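In case you want the letters, here they are:
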Amino acid sequence: MAPPAAAAALPAGQPSFGELFAVFLRIGPLSFGGPAGQIALMHRELVEQRRWLSEDEYLRALSFCMLLPGPEAMQLATYAGWKLHGTKGGLVAGLLFVGPGALLILALSVIYALYGQAPLAQALLLGVKAAVAAIVLHALLRVAKRALKGADDYLIAGLAFVSLFLLNLPFPLIIGGAALWGWIRARGAVATGLPATAPPLDETLRTAGIWGAIWLVPLAGLMLFEQGILARIGSFFAMLAVVTFGGAYAVLGWMAQTVVNDFGWITQGQMIDALGLAETTPGPLILVTQFVGFLAAYKAGGLPLGLAGAAVTLWMTFVPCFLWIFAGAPWLDNLTRRPALKGALAAITAAVVGVIASISVWFTLHVIFISVGQAAVGPFNVPLPDWAGFQPIPALLAAGAGVLIIWRNWPLPLVLALSAAASWLLSVA
């Protein structure tokens, strides 16, 4: 699909395809810091320095990407490429954004599977996990500052926290309920801005059909002919791709509960390690799914099957990002001016605060305590840490990382490296 004609009227001229390729080749390896850091990096490169997109275009594209399931920063990169060079530009921008992190996660997954139980690896991982506890808290504070604007938002966030953390309700149900409430609340609001013309529906349906087939035909093949762990991995992560609103932090708690408790693909400790390793790499945090898919398949059939599991997970997680953008981007002006959709997005964002709070508490408890049980209190399942298994070293490292990240604004890669090194030194001592 070609970009709209308006894309030719950019403030500083449309870049060549080679220039676009070179810039995203640079952005990909530097995209540390979660969605906020990645969005800021692309804003600096595409809006401030090169003026390939205007401020208004960038902000409306960001609002649109936040309406979609999946990693908003990767979808924003894909949109920017599509806007400037059509489908091939979107493919290149999206792949270059996610590629470096995917390669690093794959390498770390293989090393973890082969050597993860070695004392050195365990000491380094402990430091990484302690720092990640602070990183998740930092993400919670940033999202809460942006999302919670009134009493209704705080109520939605609180209900989402209780629903996931204490009631173990399904994540899609929580997000769906929040979206419905936001939609109803904003339905009577008046639209702002000039009305936007909707693109041809047949063109949208054709694009959706093509990319839907690219996404799901391989899954159908696995379900028909393999019918084993790869089919189960593909089915789960395809479903996850449809409900991942609000970024990876929002869905991690539910994903961990499912792959650990329901499927038994990995252990709780491995899930925590997965998040720790994903934080050390560039690219979207949802790459944690690749680590999970690799370990689940590796457990079932060794390294070759593990590599296949990682490939299936990547395909099911990221191909739908291209589907949403290529089919939905022509509707951007039309959708981002609808009050009901904005209201649904605002309520989802508020619910995400509660969900991230849930994963923050869950992750921190499992980092600083060896064992965390549960007690039933009426309808609630309350976590009960075993204080005999309190671990002072990760608790101190997490506190130190929190000071450096939240109050001193140190770069995340540096804090992760320092925490890992400190953990190793303390283990030696």
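Located above this text is the structure these notes cover.
Residues numbered from 1 in each chain as written. Predicted model: local features only at pLDDT ≥ 70, side-chain atom pairs only at ≥ 80, totals over all residues. Heavy atoms only, no water.

A. Representation of the pairing of strand β1 (residues 372–377) within the structure. Sheet analysis places β1 next to strand β2 (residues 380–385), joined by 6 bridges and oriented antiparallel. Bridge pairing in β2 places Val377 opposite Phe380. The loop that links β1 with its antiparallel partner β2 comprises 2 residues; one of these, Gly378, has a positive phi angle of about 65 degrees. (Pairing = 2+ DSSP bridges. Helix = DSSP H or I, 4+ residues; strand = E, 2+ residues; numbered from the N terminus.)

B. Layout of the environment of Phe390. Here Phe390 is to be found in the loop between β2 and α15 (392–407). Looking at Phe390, the relative accessible area reads 36%, which means it is partly exposed. Leaving out residues up to four positions away in the same chain, Phe390 has contacts with Ile368, Phe369 and Ala395. (Buried < 20%, exposed > 50% of the residue type's maximum accessible area, 1.4 Å probe, protein only. Contact = heavy atoms within 4.5 Å.)

C. A look at unusual backbone geometry. Phi is positive for Arg51, close to 55 degrees, though the residue is something other than glycine. Position of Arg51 relative to the elements: it lies in the loop between α2 (34–49) and α3 (55–67). Judged by its relative accessible area of 46%, Arg51 falls in the partly exposed class. For Asn409, which is not glycine, the phi dihedral falls at a positive 55 degrees. Within the secondary structure, Asn409 sits in the loop between α15 and α16 (412–428).

D. Broad picture of the packing of helix α9 (residues 229–243) against helix α10 (residues 248–262). Between α9 and α10, the shortest axis-to-axis distance is 12 Å and the interhelical angle comes to 160 degrees. Judged by the inter-axis angle, α9 sits roughly antiparallel to α10. Taken as a pair, α9 and α10 cross one another with a handedness that is right-handed. Note on element contacts: α10 touches α9 through Val251, Trp254, Met255, Thr258 and Val259, opposite Phe236, Phe237, Met239, Leu240 and Val243. (Axes fitted to C-alpha atoms, helices over the stretch in contact; angles between N-to-C directions. Parallel < 35°, antiparallel > 145°, perpendicular 65-115°, else oblique. Left-handed = near helix turned anticlockwise from the far one by under 90°.)

E. Representation of the nonpolar core within the structure. Phe24, Met42, Met255 and Met271 are the most contacted members of the largest nonpolar core, which totals 142 residues. Ranked by the residues each element gives to this core, the list is headed by helix α12 (residues 288–328), at 19 residues. Apart from residues lying up to four places away in sequence, Met271 is in contact with Leu252, Met255, Ala256, Val259, Val260, Ile266, Val288, Val292 and Trp362. (Core = buried A, V, L, I, M, F, W, Y, C linked by side-chain atoms within 4.5 Å.)

F. The packing of aromatic side chains, seen in detail. Scanning the model with the defined rule gives 17 aromatic pairs in all. Ring geometry for Tyr112 and Phe291: centres 5.1 Å apart, planes at 65 degrees, overall edge-to-face. Of the two residues, Tyr112 sits in helix α4 (residues 72–115) while Phe291 sits in helix α12, which places them 179 residues apart along the sequence. Assessed through its relative accessible area of 0%, Phe291 is described here as buried. (Phe/Tyr/Trp six-rings, centres within 6.5 Å; stacked < 30°, edge-to-face > 60°.)

G. Spotlight on the pattern of salt bridges. Here the structure, examined in full by the defined rule, presents 6 salt bridges. Glu45 serves as the salt-bridge partner of Arg50, at 2.4 Å between the closest nitrogen and oxygen. Owing to a relative accessible area of 1%, Glu45 belongs among the buried residues under this scheme. When the shortest N-O distance is used, the salt bridge between Asp153 and Arg185 registers 3.9 Å. Here Asp153 is found in helix α6 (residues 151–166), whereas its partner Arg185 is found in helix α7 (residues 171–186), with 32 residues between them in sequence. Assessed through its relative accessible area of 34%, Arg185 is described here as partly exposed. One continuous salt-bridge network, built from bridges that share partners, spans Arg26, Glu45 and Arg50. (Salt bridge = Lys/Arg side-chain N within 4 Å of Asp/Glu carboxyl O.)

H. Highlighting the packing of α3 against α4. Where α3 meets α4, the axes come as close as 9 Å, and the angle between the chain directions of the two elements is 130 degrees. The angle between α3 and α4 places the two elements in the oblique class. By crossing handedness, the relation of α3 to α4 is classed as right-handed. Facing α3, whose interface residues are Glu57, Tyr58, Ala61, Leu62 and Cys65, α4 presents Glu72, Gln75, Leu76, Tyr79 and Lys83. Grouping the amino acids of the contact of α3 with α4 by side-chain chemistry returns 6 nonpolar, 1 polar and 3 charged. (Nonpolar A, V, L, I, M, F, W, Y, C, P; charged D, E, K, R; others polar.)

I. Inspection of a nonpolar patch on the surface at higher detail. Where nonpolar side chains cluster on the molecular surface, the patch consists of Leu120, Leu124, Trp424, Leu425 and Val428 and spans about 470 Å² of accessible area. Tallying contributions element by element places α16 first for the nonpolar patch, with 3 residues. With respect to the helices and strands, Leu120 occurs in helix α5 (residues 119–147). (Patch = residues over 30% accessible without salt bridge, like charges linked within 9 Å, V, L, I, M, F, W, Y side chains within 5 Å. Areas by Shrake-Rupley, 256 points an atom, 1.4 Å probe, with all protein chains shown as cover.)

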